[in-house]
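Each chain, letter by letter, is given below.
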Amino acid sequence: MKTARSVTRKGVKVSGFVVEQVRKGTVKLGQQMAPYLHRGATQIFAKTMGKDEQKAGQQFDEFLEVTGGAVQGLGTVFIGLEHAAVVLAKSLRNNTVTVVQHKYGTEAASLCDDTTTAVGNTLVTGYNVKCLGPKTLAKTVAKDTGKAVVASASAKDKESTPNSK
């Protein structure tokens with residue numbers, strides 16, 4: 001089981017590295033696409049609302065600011081839930097190992113620890129591989145593009161607002 005634990009740990013590291021590199025690429029792609037998306041959305045917004053592009057652009061930027069705050073809040077909740085899941089999984093593993101050690105001894109506890117760690121690593125590797133699927137990649141690019149659009153609109157709004165001191 002020590003070998004399985006070691007191999008799955010390496011699988012987590014390799015798959016995590018690949019996912020991180022792909023993630024960096026999707027962020028760059030989103031940043032490149034954001035200005036075009038913003039311009040097109042502003043034009044559609046102007047035509048739909050029957051306003052000139054400048055006024056529509058300002059209203060669209062305000063909409064993005066509000067939406068960005070909501071998305072940021074949801075992101076914070078999601079990250080908190082992910083961290084809670086990790087803490088829960090580690091606690092379950094540690095408590096299971098402790099119970100096995102008390103009931104069956106140190107050798108069984110060591111086997112249990114290696115087994116539960118290998119299973120956990122396998123699950124993390126599976127999750128990382130799933131993140132490399134075409135559907136997940138498309139969602140990630142869309143999310144990163146949306147974040148870049150909101151960030152550029154927010155930066156533009158900060159530039160146009162004078163400091164009030």
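Above this note sits the structure.
Keep in mind that what you see is a predicted model, and the values were worked out from it rather than measured. (Residues numbered from 1 in each chain as written. Predicted model: local features only at pLDDT ≥ 70, side-chain atom pairs only at ≥ 80, totals over all residues. Heavy atoms only, no water.)

(A) Spatial organisation of the packing of aromatic side chains. In this structure the tally under the stated criterion is two aromatic pairs. Pairing phenylalanine 45 with phenylalanine 60 gives two aromatic rings, centres 5.9 Å apart and planes at 50°, and the pair type is tilted. Of this pair, phenylalanine 45 sits in helix H1 (residues 2-49) while phenylalanine 60 is found in helix H2 (residues 53-104), placing the two residues 15 residues apart along the sequence. Exposure remark for phenylalanine 45: the relative accessible area of 23% places this residue in the partly exposed category. Among the aromatic side chains, those forming a connected cluster through ring pairs are Phe45, Phe60 and Phe63. (Phe/Tyr/Trp six-rings, centres within 6.5 Å; stacked < 30°, edge-to-face > 60°. Helix = DSSP H or I, 4+ residues; strand = E, 2+ residues; numbered from the N terminus. Buried < 20%, exposed > 50% of the residue type's maximum accessible area, 1.4 Å probe, protein only.)

(B) Structural view of the pattern of salt bridges. This structure, assessed with the given rule, holds four salt bridges. Across the pair aspartate 113 and arginine 5 runs a salt bridge whose closest N-O atoms are separated by 3.0 Å. Of the two residues, aspartate 113 is situated in helix H3 (residues 106-130) and arginine 5 in helix H1; the sequence distance between them amounts to 108 residues. For the pair formed by aspartate 113 and arginine 5, the shared burial category is buried. For aspartate 113, the salt bridge is made with arginine 93, and the minimal N-O distance between the two is 3.3 Å. Taken together, the residues span a long stretch of sequence, with aspartate 113 in helix H3 and arginine 93 in helix H2 at a distance of 20 residues. With relative accessibility at 26%, the residue arginine 93 sits in the partly exposed group. Overlapping salt bridges bring together Arg5, Arg93, Asp113 and Asp114 as one network. (Salt bridge = Lys/Arg side-chain N within 4 Å of Asp/Glu carboxyl O.)

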